[in-house]
Amino acid sequence: MSESRRLLEAASRVIPGGVNSPVRAFRAVGGSPPFIARAEGARLVDVDGRSYLDFVGSWGPLILGHAAPAVVEAVTEAARRGTSYGAPTPLEVEMAEVVTAAYPSMEMVRLVSSGTEAAMSAIRVARGATGRDVLVKFDGCYHGHADSLLVKAGSGGATFGVPDSKGVPAALAELTLTVAFNDLDGVRDLFRRKGDSIAAVIVEPVAGNMGVVPPAPGFLEGLREVTRAHGALLIFDEVITGFRVAYGGAQERYGVQADLTCLGKIIGGGLPVGAYGGRRAIMSEVSPLGGVYQAGTLSGNPLAVAAGLAAIRALADRRAYARLETLGALLEQGLRDGAQKAGVPLTVNRVGSMLTAFFCATPVTDYATARKADTARYARFFSAMLERGIYLAPSQFEAAFVSLAHAEADLALAARAAAESLSTVA
Ligand SMILES: *Cc1c(COP(=O)(O)O)cnc(C)c1O
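Residues numbered from 1 in each chain as written. Predicted model: local features only at pLDDT ≥ 70, side-chain atom pairs only at ≥ 80, totals over all residues. Heavy atoms only, no water.

Draft legend 1. Up close: the side chain of Asp259. Its place among the elements puts Asp259 in the loop between helix H8 (249-254) and strand E11 (260-263). Among the polar contacts made by the side chain of Asp259, one reaches the main-chain amide nitrogen of Leu234 at a distance of 2.8 Å. Engagement of the side chain of Asp259 in a polar contact is seen with the side chain of Arg279, the distance being 2.7 Å. Those residues in contact with Asp259 that lie beyond four places of it in its chain are Ser105, Arg224, Ala232, Leu233, Leu234, Gly277, Gly278, Arg279 and Ile282. (Helix = DSSP H or I, 4+ residues; strand = E, 2+ residues; numbered from the N terminus. Polar contact = N/O pair within 3.5 Å; in protein donor to acceptor, adjacent residues only side chain to side chain. Contact = heavy atoms within 4.5 Å.)

In structure tokens, the structure reads:
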């Protein structure tokens, strides 16, 4: 038995499903996950000594690749000065200055320890600032696992949300209304009917958690307009897109400013960090200035902030994004060519360095169209790629990420593996 198999068995006795986050269990694709021993650059090495070219990147944070020297040095140096103080530090100020400079809509920012916390806190601020309770989210968008956000569409479209998890009270889920991503008319209709009670619309400006789905032209602008007209706040959950689709995130790329923004993933450089922020007047609602309570023992943790700052500094050279675009385009082209040769219907959605290849012939513009993808075929493709040493997300409905540690040769390798794997699933 492989060491990974042995570890999974041991883990399964003491950890639910043997994993600390469900998708890692490979349930959507079958098989069992390699346990990772170490990683460097674009490569992972498992406990059995197998090496993989990684397109998961820890689900988004590792835009510089694994064990980037600048990040490792920053963390090591910070650790020598102590791992946590529960008191303010100079690095936090620098992080807040860097973030507010990159995101003009964020005049003030609060650091937390995860994307979940960032989104949960942002909606609390939105509710506190507006005095309203209702939240609008989009079907298939993920904002972490806070109760109000683990909600899916009820029957009959644009209606009261229903819990998407056991343990979420129906009474709370009812305060979250869901609309299809890119359905601006649906949002407008909802505001016509319930505009007075809506505190905020929360959206992934480029959806990444139903697979990558870009915003339709005018969608983000329309959200900006309709929320403003009704006195509701627009929350961009840029936990994936922040410092990913541009240095200034989707707000910079699409030229639309949010009222509140959530960040995470990249700003922690691979350590646990999240952040939320917005205009001074809104963020002045946050304790100790205002009445919206939010706190954290490890918030602004010196190791995590040091790692995040090192990562962001490397991205401040804007050529980084041209490079990511080139690499992303190569991955896209490799998949398209392979699919065409194999005669496999494939819809590739890509924004910069984030991409999803959906196993369907029709365009993917929202969750309903994403669900048309052939997940069984994806599972076979995933396994064929893994056998060839290419590590993709173990689910059809996730993004692939390229990093600055990927080289042209890596993309060529991935393209060859994709061509072979696609022909095996044709
Ligand atoms: C990953 C993610 C989150 C949750 O972040 P965690 O750090 O996993 O809690 C929230 N929103 C989006 C868009 C994400 O991709």
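Draft legend 2. The arrangement of the pattern of salt bridges in detail. For the structure shown, the criterion picks out 15 salt bridges. A salt bridge links Asp317 to Arg319; the shortest N-O distance between them is 2.8 Å. By relative accessible area, Asp317 is classed as partly exposed at 35%. Since its relative accessible area comes to 65%, Arg319 is described here as exposed. Residues participating in the shared-partner salt-bridge network are Arg253, Glu325, Glu332, Arg336 and Arg350. (Salt bridge = Lys/Arg side-chain N within 4 Å of Asp/Glu carboxyl O. Buried < 20%, exposed > 50% of the residue type's maximum accessible area, 1.4 Å probe, protein only.)

Draft legend 3. Region of the structure containing helix H6 (residues 184-194). Inspection of H6 places Leu184, Gly186, Val187, Leu190 and Phe191 among the buried residues, and these make up the whole buried set. With its buried residues spanning 160° around the axis, H6 presents them on a single face. Away from its buried face by more than 90 degrees, H6 exposes Asp185 and Arg192. The inward-facing, buried residues of H6 abut strand E5 (134-139), strand E8 (176-180), strand E9 (198-203) and helix H7 (219-229). (Arc of directions from axis to C-beta.)

Draft legend 4. Representation of the environment of Tyr321 within the structure. Within the secondary structure, Tyr321 is located in helix H11 (residues 319-342). For Tyr321, a relative accessible area of 13% corresponds to the buried category.

As far as function goes, none of this settles anything; it's purely spatial.
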